[in-house]
Amino acid sequence: MIFFGTLVFFLTLGIVGMSATLFLAILGVLMAPADQDSPYQHVSGKETSRNRILTIDIVGPILGSPQTEEDTLFSSIVGVTYGYQVQQQLEAAAEDESVKAILLNIATPGGTIFGSQAIADGINAYRKATQKPIYAFVEGISASGGVWAMVAADKIYADHGSLIGSIGIIGPSVLFYDRPTSLDSGLFQGGVTANAIEERTLSAGRGKDFGNPFRRLTPAEIQVFQAGLEQEYSTFVSHVAKARGIDPTVIRNQMGAMVFSNAQAQQYRLIDGTLSRPQVITALARAAQIDDNYAVVRLRRDRTPLINQLFGVHPPRPSQQEQHLWQQQQLCALSQQRALAYYGQLASLCRP
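The structure reproduced in this document is the subject of the present report. Given the structure is predicted, the values throughout are model-derived calculations rather than measurements.

Turning our attention to the nonpolar core. Ile 102, Leu 104, Met 150, Ile 164, Ile 169, Val 240 and Leu 270 are the most contacted members of the largest nonpolar core, which has 50 residues in total. Ranked by residues supplied to this core, first place goes to helix α7 (residues 219-244) with six residues. Beyond its immediate sequence surroundings of up to four residues, Ile 102 is in contact with Leu 54, Ile 56, Leu 90, Ala 93, Tyr 126, Pro 133, Ile 134, Tyr 135 and Leu 284. If you look at the next biggest cluster of nonpolar residues, it comprises 15 residues, including Ile 53, Tyr 157, Val 280 and Ala 288.

With the rule as written, the count across this model stands at four aromatic pairs. Centre to centre, the rings of Tyr 135 and Tyr 157 are 6.0 Å apart; their planes meet at 55°, and the pair counts as tilted. Here the residue Tyr 135 occupies a position in strand β7 (residues 134-143), and Tyr 157 occupies one in strand β8 (residues 155-158), the gap between them amounting to 22 residues. Ring centres of Phe 260 and Tyr 268 lie 5.0 Å apart, and the angle between their planes is 50°; this geometry places the pair in the tilted category.

This part takes up helix α5 (residues 113-130). The end-to-end C-alpha distance of α5, which contains 18 residues, comes to 26 Å, matching closely the 26 Å that a straight helix rising 1.5 Å per residue would cover. Restricting attention to buried positions, one finds in α5 the residues Ile 113, Gly 115, Ser 116, Ala 118, Ile 119, Ala 120, Gly 122, Ile 123, Tyr 126 and Thr 130. Between the side-chain oxygen of the N-cap and the backbone nitrogen of Gly 115 there are 3.0 Å, and the N-cap of α5 in question is Thr 112. Of the residues one or two after α5, Gln 131 is the one with positive phi, at around 60°.

Conventions adopted
Per-chain numbering applies: the sequence of each chain, read as written, is numbered from 1 onward. Restriction of local features to residues with pLDDT of at least 70 applies here, the model being predicted, together with a cutoff of 80 or more for giving and counting side-chain atom pairs; totals for whole chains, interfaces and linings are based on all residues. Only hydrogens and water are set aside; all other atoms, that is, all heavy atoms of the structure, feed into the side-chain values. As used here, the term nonpolar core means buried Ala, Val, Leu, Ile, Met, Phe, Trp, Tyr and Cys residues forming a set that is joined through side-chain atoms within 4.5 Å. Any residue under 20% of the maximum accessible area for its type is buried, any over 50% is exposed, and the rest in between are partly exposed; the area is computed with a 1.4 Å probe on protein chains only. Going along the chain from the N terminus, every DSSP run of H or I of four or more residues is numbered as a helix, and every run of E of two or more is numbered as a strand. Any two residues having at least one pair of non-hydrogen atoms within 4.5 Å are treated as being in contact. For this analysis, a ring pair means two rings from Phe, Tyr or Trp (six-membered ring only for Trp) whose centres lie within 6.5 Å, classed as stacked if their planes differ by under 30 degrees, edge-to-face if by over 60, and tilted for the remaining angles. Here, expected helix span is obtained from the residue count minus one, scaled by 1.5 Å. Think of a polar contact as two N or O atoms within 3.5 Å of one another; within protein, one of them needs to be a possible hydrogen donor and the other a possible acceptor, and neighboring residues in sequence only count if both atoms come from side chains.

This is the structure:
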């Protein structure tokens, strides 16, 4: 309606050549992403300063990369971090001379090993390419995969009352039904009750039906899976020990997979201290040698066309229940496939 209404208006004036050019120019402006000249959104500090401190969020479960358009849409709404996206953001920041330092804003229970490692790799690559400071700031919690990712930073500070730790690996929880007498098939399908239930899974390859709840895990299956977990755990311990200068035996024998308060985490050298967000930014600006002449920015999230913003046209926001369900489905699917560096009870995610 807007398109044809505007076109008819200009044609009515009889200025066909000029109207077509002007119309296309206006349409191009309206359809282009708003503020496309700058990828940043000002947060605090001097808005006109070209000394930028870029904040990158590592919030919610850490996954690898979005697989669908729905994943990309939901990630910024639900609170999920894709490790390879963070890595790409760090690569782009390394090429921007105006970015003088980076602050990783962390509030995560962990997630996938590969997603966490992607962030750590991105941090190391950024430091090697720029020699500029990159700090991690924990707001509330950084556990498991969050620790895996953040220890690559130059300095790590936590806000008051945070939880840090859970250096461990968790695999899938496998259920076993011992002589079940009934199965509930759902509210609308009714249930099945019998004196005995026979279940048979057709598969090829030893252990292919790993996790079948109608048979026990074999000793060989347990041994193979546990060996894989131990390998990943050894990698995790070595990674943290090297990055933070902690004796690996201290991690294994004293720290374990516990989560710690700020004071305990600092005692174990997981963090460098307890600071508020403004204090961390001040310390980071000092490390970057930009004093108080800086602008704190984040990557711009609202890149919708200007015409959508003018007329209030935005993608529908999913309900809280839909957001929780989507996040639950993502983690439940991952927990059934591979080991995770995650803090929490994964088994509860896969229950209705």
